[in-house]
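Structural overview for review
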Amino acid sequence: MRKNALFLLSVLIIAGVVLAACQPAAETTSEPAISDDASMASETTAEETVPTEFPRNETIYVSGAAWGPASTWNPFQPGSLANTTGTIGFVYEFLYAFDPQTGELTPWLAESGTWADDTTFDVTLRSGLTWTDGEPLTAEDVAFTFELGKQYAALWFSPMWEYVESVTALSDTEVEFKLSSDPLYQEFENNLYNVPIVPKHLWENMSEEDITVGVNENPIGSGAYKYLTNSEDRNIWVRSEEWWGNDVFGVPAPKYIVDIRTSSNNVALGMVLKGEIDLSNNFLPGVAEMADKGYVKTYYAEAPYMLSANTAVLFLNTTLKPLDDAAFRRALAFAIDVPSIVNVAYAQLVKAASPSGLLPVLDKYVDQDVMAELGYYFDTAQAKQMLADAGYVDIDGDGFVETPDGEKIELQVTCPSGWTDWMAAIDIIASSAQAAGINLKSAYPDYGAWNTELQGGTFNMTLNNWASMSNTPWTLYNLLFRHPIQDQMQSGNFGRYDNPEIFNLVDALARIPMSDEEGMKEACSAIQTAMLTDMPMIPLWYNGLWAQYSTSTWTNWPDENSASPTLPTTWSGYWQLGGLQTLINLELVGE
Amino acid sequence: MKRYFLRKILIYLLTFFLAVTIDWLIPRFMPGDPIRNMLTRVSVSSNATAIQMMYDYYSHLFGLDLPVWQQYFNFWKSLLQGDLGISTYLFPTPVTKVLARAVPYDVFLLVPSILLSWYAGNKFGAFAARSKKLDNTLSPLGYILNATPYMWLGILLAWFFGIVLGIFPIAGAYSFSLQPNLSLKFIGSVLHHWFLPFASIFLVEFGGQAIGMRNMIIYELEADYSHYLGTLGAPKKLIRKYAFRNAILPQITGLALKLGVIVAGALVTEVVFSYPGIGYLLLAAIQNQDYFLIQGCFLFIIIGVLIANFTIDIIYILIDPRTRMGMTGETA
Amino acid sequence: MKVLKNKNEILFFAFRNWKLQIGVLIILLFIFIALIGPSLAEFEPFQYANALGPVPPSSEFWLGTTFFGQDVFSQFVHGLRATFTVGIIGGGIGTLLGLIIGFIAGYKGGVIDEILNALTNIVLVIPTMAVLLIIAAYLQVRTVFIECIFIGLTSWPWTARAIRAQTFSLRTRDFVDLAKLTGVKSLRIIFSEIAPNMMSYLLLIFILQFGGAILTAATLDFIGLGPTNAISLGLMMQYSVLWGALQFGMWWWFVPPGLAITIIVGALYSMNVGLDEVFNPKLRGM
């Protein structure tokens, strides 16, 4: 019996190893689930062989962008943003790139762009652009891509067709955007660096299903990197030697990019310290100390160590009592202990936000006078005073105030379970509100439940940070004051704040051309005044562009002295904001 | 014998039926709307009609717009065809594909640790039962190991061997610099990553088996037949051999009872070591309210445990001659 | 089989059995810590006591502080209370359920026995952790008490099986038949004849349930499905791992909770074996 057991055991072990070896290899050749039209897109002229081992001096290991196995390479889906960062930015490119540090759009696929008149925007493409299958990238592809938004309402940029009349290819390299008489200039310019250009010759025969929700395996794009392979915990890209940008911007240094899906942040921490990850975009606790000791490098050598990536805003459900009372909301804003969030929960890795909610790069649009008059800051005594003034007193002596009608107040602030930094932050929010007399408790539902509450408007208070680096303040205010109010709010104004006046102000801002800086400042000032008077949501801090690098293999990472645009980030939607430039600037240690 | 078998099979079928029904039921009562969750991943369109259109499309695709009894019926139908639906969390990957990726790792982790710990633990327990001195020194080790929570042992091993000593990796199934192939280096990497998770499951189970075996052996040594053999002058070794054989039997059924606990232990071990198995997948599916993936994982675990139980029952019958001689029904 | 000797003999052996003694001592020690500890602790478990963040054990912070500067000792003693609560209540519910179901099945026999037996077997096979995961994920807010209930509701099957077996064997004993012959009512038979013989067995079972409940609760907490707004030893382990205690070497944060659970459950197992020897003279022989 002994011998048999041992034999059986070894057979099982070997079987297990062989199974593990064989099954991931089947990934790259499996059939897509929905239709087989997508497989037509997988014809590549150059077959990349997958090496069995990646040479260390040609590979960069990154993490922090993928939190689940890759499921799609469709550039029109946010899903591809979440788990296959690189589809947008590496494979598919845009007309413009945006430098968030200077706030300027630089031509990318475009060589130049001009406003012929108030409603006509002419773009001239660079010459010699090609797709990775050899076909040329022309104005036809650009027009085709934008027209997809007209055909299919499910694509995210389709609303732009409410003010775009036509997109025409005048020649191989000339594209003309004709807008209607009252366009949303801000959204239009925003789209110029966010709409990925897809190849007409491959996508024109795809069904609606494939275009809107298809997997798009083996994507063919025009970008600096190509898809190589993937498994459930890594996505691997290989450099495209035919990329047009090699001559214009420089050749990206690493040949292979291995994007690792880490199951949790602390695992990434260990790997960065060992040099197994070169660039980690995870939130790593204790990084401040690590950076001080020189174990990792960060963008800033001192606090806040990280660039600011987006604003963490506390959304208040304005349909509930007592959150429907502006006075209560304003008092709450003064009760929240943001300094503790910055110093304790984040150990100085973030900065407190401007009450306007705008990121530092858009500072010029913040009306400092309005801030001085209506802005809030942490002051428990002040908060208590404001509550009392508004009629909220503690009737039953339990330490918490009741409404002016005498009803008990019991509120809850939530964030997804597992988002440890936010969990710590809402704990502080709850305890500081309690210190001011507001009965607020923290809770951590699972992500799915939290998301449902967020969009269904069944939460009390919750955090959200979807407004990220942008070329215009309009994106933030569009998120905060999204309208019209619907049953499900999917992309903003989760607290269902209904104020037609502010909606009009935001719409008016959208219509101001980017060149009219004074006009924009005026519009922002009006919005900020209304926002801070009513306080429907409370901007709290700037979430960091978490980035820490190991200098064991690669060096010349971005830091505060680098010439922009270089952003040390692998997050999706950020490659065209300077992430690619980072890769171009990298050098091997020792060279 | 035949009646025994039939009875067993009936119970297993009934269990399977009930388990599948529970499996189908439970995720459906979870709070939240999975289609809506998935829609936020798939499309950011703010166009209300577009959203509604997609919502209807997916409800239809996933069969959620049918009346409940029909959904149940369809579930059985597709189950028997081997189709477990499409994952919403990893849309549009089919559930069977997602499971297929994770299953080998679980099998690879669980089977060796269960078999080895059972074997080694029983030997150790029998050894400890030889004398009082041995028992007093070795048994506490068994208690302590078995009392250790799986994840704490995992944490300790990860910390000590992975970080302090740095000789083992603590994340993933194989090195991030290698691609799967049948080279020695790759296999080495797989085993290198496998060892610590395996060790933490093995050690805890080892302790449990050792204690169990020790108890059974002592019990058998105190039975009448042992004393009788002793008075007849049989060597101690012979008595122990018979005692061992008799003690093994409850250990086999005991293993079946413990399978559920071991699966739970594997789950937390996977979490500690980021090992891409089914347990970990189940956790992610729950957090993302992916009905179909939850069902698939749960189903797989249940079927696995049922098959294991059945196998153990058969082994028991083969080994214990008493069952073959016509003992029917449950032995007390 | 268990044979009931008179009380004095039991106590005599109980005091001689070192396994039992050590086990009981350890448990009492921890209960003492759990009762007195929170009043000894200077800080609240979640209070940000140390502005410097994590520090190793010192005279001010007996078990050091967490990443946020929270007092580990305070978390430890409060968590100990939660752990004991789950063990007693969760284990108690499991024992009680198993007792009722097993007893009814064993005593009544026949069809009822078949049905209950089938039910037991089915619930036994279904991996409880998976069910607990799903149930725990339903609930938006989880308290220690709710956790106890669910652990109890899923851990009764093996107890039921064991009790049923015991009941079977006791039911057919002579003294029960005698009692029936003399016309004593069923209920009285149960309480006065069968129950005393089961007591010892029940005690052993409860101890195992107690330990099992603690382990299950720790596992649930560690995955993140534990009580919200409370602290327990499992939760301490979860936070320590999530906040990089391994990578930063903050051993004082993750070693004490796991060690405490190991020692407590180990003591319980030791008590179990010891009691077994006390009640069953045959095992004392070696």
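For clarity, every value in this text was computed on a predicted model and none was experimentally measured.

A count of helical and extended segments in chain A gives 19 helices and 21 strands. Relative to its length of 591 residues, chain A is compact, with a C-alpha radius of gyration of 26 Å against a globular reference of 25 Å. Taken over the C-alpha atoms alone, chain A extends approximately 80 × 75 × 45 Å along its principal axes. Per-residue burial over chain A gives 56% buried out of 591 residues. Counting only contacts in chain A whose residues sit at least 6 apart along the sequence, the fraction spanning at least 24 positions is 70%.

Turning our eyes to something else, we now look at the overall build of chain C. Within chain C, the secondary structure is distributed over 13 helices and zero strands. Going residue by residue from the N terminus, the α and β elements of chain C occur as α-α-α-α-α-α-α-α-α-α-α-α-α. Relative to its 286 residues, chain C shows a buried fraction of 51%. At a minimum sequence separation of 6, the contacts of chain C that also span at least 24 residues come to 71%.

Bringing the interface of chain C and chain B into the picture now. Counting residues at the interface gives 42 residues for chain C, matched by 47 residues for chain B. Looking at the side of chain C that touches chain B, the elements with two or more residues in it are helix H4 (110–125), helix H5 (128–138), helix H7 (157–171), helix H9 (186–223), helix H10 (233–242), helix H11 (245–248), helix H12 (251–279) and helix H13 (281–284) of chain C. Counting residues per element, the side of chain C that touches chain B draws most heavily on H12(C), at eight residues. Tallied by class, the residues present in the side of chain C that touches chain B amount to 28 nonpolar, 13 polar and one charged.

With that settled, the discussion passes to the domain arrangement of chain A. Per the domain assignment, the segments making up chain A are domain 1 (60–70 + 229–300 + 548–588), domain 2 (94–213) and domain 3 (308–544). Partitioned by chemical class, the residues of the side of domain 1 of chain A that touches domain 3 of chain A number four nonpolar, one polar and no charged.

Residue and element names in this part refer to chain A. By the criterion of burial, strand E11 (residues 256–260) is predominantly enclosed, with four of the five residues buried. Examined bridge by bridge, strand E10 (residues 234–239) and E11 share five bridges and lie antiparallel to one another. Within the sheet, the bridge partner assigned to Arg234 lies in E11 and is Ile260.

Residue and element names in this part refer to chain C. Contact pair helix H3 (residues 72–108) / H4: the axes reach a minimum separation of 7 Å and the direction vectors enclose 145°. As H3 packs across H4, the resulting crossing turns out to be left-handed. Contacts from Ile101, Ile104, Ala105 and Lys108 in H3 reach Gly110, Ile112, Asp113, Leu116, Asn117 and Thr120 in H4.

On average, residues of chain A carry a pLDDT of 83, and 90% of them reach 70 or more. Note on residues 20–47 of chain A: pLDDT under 50 across the span, and 59 contacts to partners over four residues away in sequence or across chains.

In this structure, A:Tyr96, A:Leu509, A:Leu540, B:Ile155, B:Leu282, B:Cys297 and C:Ile214 are the most contacted members of the largest nonpolar core, which totals 349 residues. A per-element tally of this core places helix H8 (residues 184–221) of chain B first, with 17 residues. Counting eight residues, the second-largest nonpolar core is a separate cluster that includes C:Leu99, C:Phe103, C:Leu116 and C:Ala160.

Attention now moves to unusual backbone geometry. The residue after A:Lys321, namely A:Pro322, is reached through a cis peptide bond having omega -10°. Locating A:Pro322 in the fold gives a position in the loop between strand E13 (308–316) and helix H10 (326–335). Omega for the bond connecting A:His483 with A:Pro484 falls within 30 degrees of zero, at 0°, which places this linkage in the cis form. Tracing the chain through its elements places A:Pro484 in the loop between helix H16 (474–480) and helix H17 (500–510). Phi angles above zero are rare outside glycine, and B:Ser274 is one such case at about 50°. Looking at where B:Ser274 falls in the secondary structure, it is placed in the loop between helix H10 (236–273) and helix H11 (278–287).

With that settled, consider the sheet that holds strand E14 (residues 351–352) of chain A. Residue and element names in this part refer to chain A. Taken in spatial order, the six strands of this open sheet run E14-E18-E13-E17-E15-E16, and their pairing is mixed. The open sheet is flanked by E14 and strand E16 (440–443), the only strands paired with a single partner. In terms of strand pairing, E13 meets strand E18 (residues 537–544) through seven bridges, oriented antiparallel. Residue Ser308 lies in a different strand from E18, and its bridge partner there is Gly544. In this fold helix H14 (residues 420–435) packs onto strand E15 (411–414), E16 and strand E17 (461–464), with an angle of close to 170° to the strand it touches most, E16.

This next bit is on the sheet that holds strand E5 (residues 110–117) of chain A. All names here are of chain A. The strand order across the open sheet formed by four strands is E5-E6-E8-E7, and the pairing between neighbours is antiparallel. On the outer flanks of this sheet lie E5 and strand E7 (164–169), each paired with one strand and no other. The mean inter-strand angle of the sheet, taken between neighbouring strand axes irrespective of direction, is 15°. Where E5 meets strand E6 (residues 120–125), six bridges bridge the pair, whose relative direction is antiparallel. Looking across to E6, one finds that Trp115 is bridged to Phe121.

So, on to the confidence of the model for chain C. All names here are of chain C. In this model, chain C carries a mean pLDDT of 81, and residues with pLDDT of at least 70 account for 89%. At the level of individual helices and strands, chain C shows its lowest average pLDDT in H13, which scores 65, and its highest in H3, which scores 89. The complex prediction reports pTM at 0.80, with the ipTM value standing at 0.82.

All names here are of chain A. Among the ten residues in H10, eight count as buried, and that is most of the element. The complete set of buried residues in H10 reads Phe328, Arg329, Arg330, Ala331, Leu332, Ala333, Phe334 and Ala335. Lining the buried residues of H10 we find E13, helix H13 (380–389), H14 and E18.

Attention now moves to the pairing of strand E9 (residues 225–231) of chain A. With six of its seven residues buried, E9(A) lies for the most part within the structure. Counting the residues that bridge the hairpin from E9(A) to E10(A) gives two residues.

What follows covers the environment of A:Thr124. All names here are of chain A. Considering the arrangement of structural elements, one finds Thr124 in strand E6. Among the residues examined, Thr124 registers 17 C-beta atoms within 10 Å and is labelled partly exposed. C-alpha of Thr124 to C-alpha of Ser63: the two residues are 61 residues apart in sequence and 36 Å apart in space. Filtering out sequence-adjacent residues up to four positions away, Thr124 remains in contact with Ala110, Glu111, Ser112, Thr173 and Glu174.

What follows is about the environment of A:His483. All names here are of chain A. Structurally, the position occupied by His483 is in the loop between H16 and H17. Along the chain, His483 and Arg496 lie 13 residues apart, while their C-alpha atoms are 8.7 Å from each other. His483 has contacts with Asn493 and Phe503, leaving out every residue within four places of it along the chain.

All names here are of chain A. Turning to its location among the elements, Gly250 is positioned in the loop between helix H7 (245–248) and E11. On the neighbour-count criterion, Gly250 (13 C-beta atoms within 10 Å) is partly exposed. Placed 335 residues apart in sequence, Gly250 and Asn585 show a C-alpha to C-alpha distance of 8.3 Å.

The rules we used
Residues numbered from 1 in each chain as written. Chains lettered and ligands numbered in written order. Predicted model: local features only at pLDDT ≥ 70, side-chain atom pairs only at ≥ 80, totals over all residues. Helix = DSSP H or I, 4+ residues; strand = E, 2+ residues; numbered from the N terminus. Rg over C-alpha atoms; globule rule 2.2 N^0.38 Å. Buried ≥ 20, exposed ≤ 12 C-beta atoms within 10 Å, placed from the backbone. Contact = placed C-beta atoms within 7 Å. Nonpolar A, V, L, I, M, F, W, Y, C, P; charged D, E, K, R; others polar. Domains from an automatic or database assignment. Pairing = 2+ DSSP bridges. Axes fitted to C-alpha atoms, helices over the stretch in contact; angles between N-to-C directions. Left-handed = near helix turned anticlockwise from the far one by under 90°. pLDDT = per-residue confidence, 0-100. Core = buried A, V, L, I, M, F, W, Y, C linked by C-beta atoms within 7 Å.

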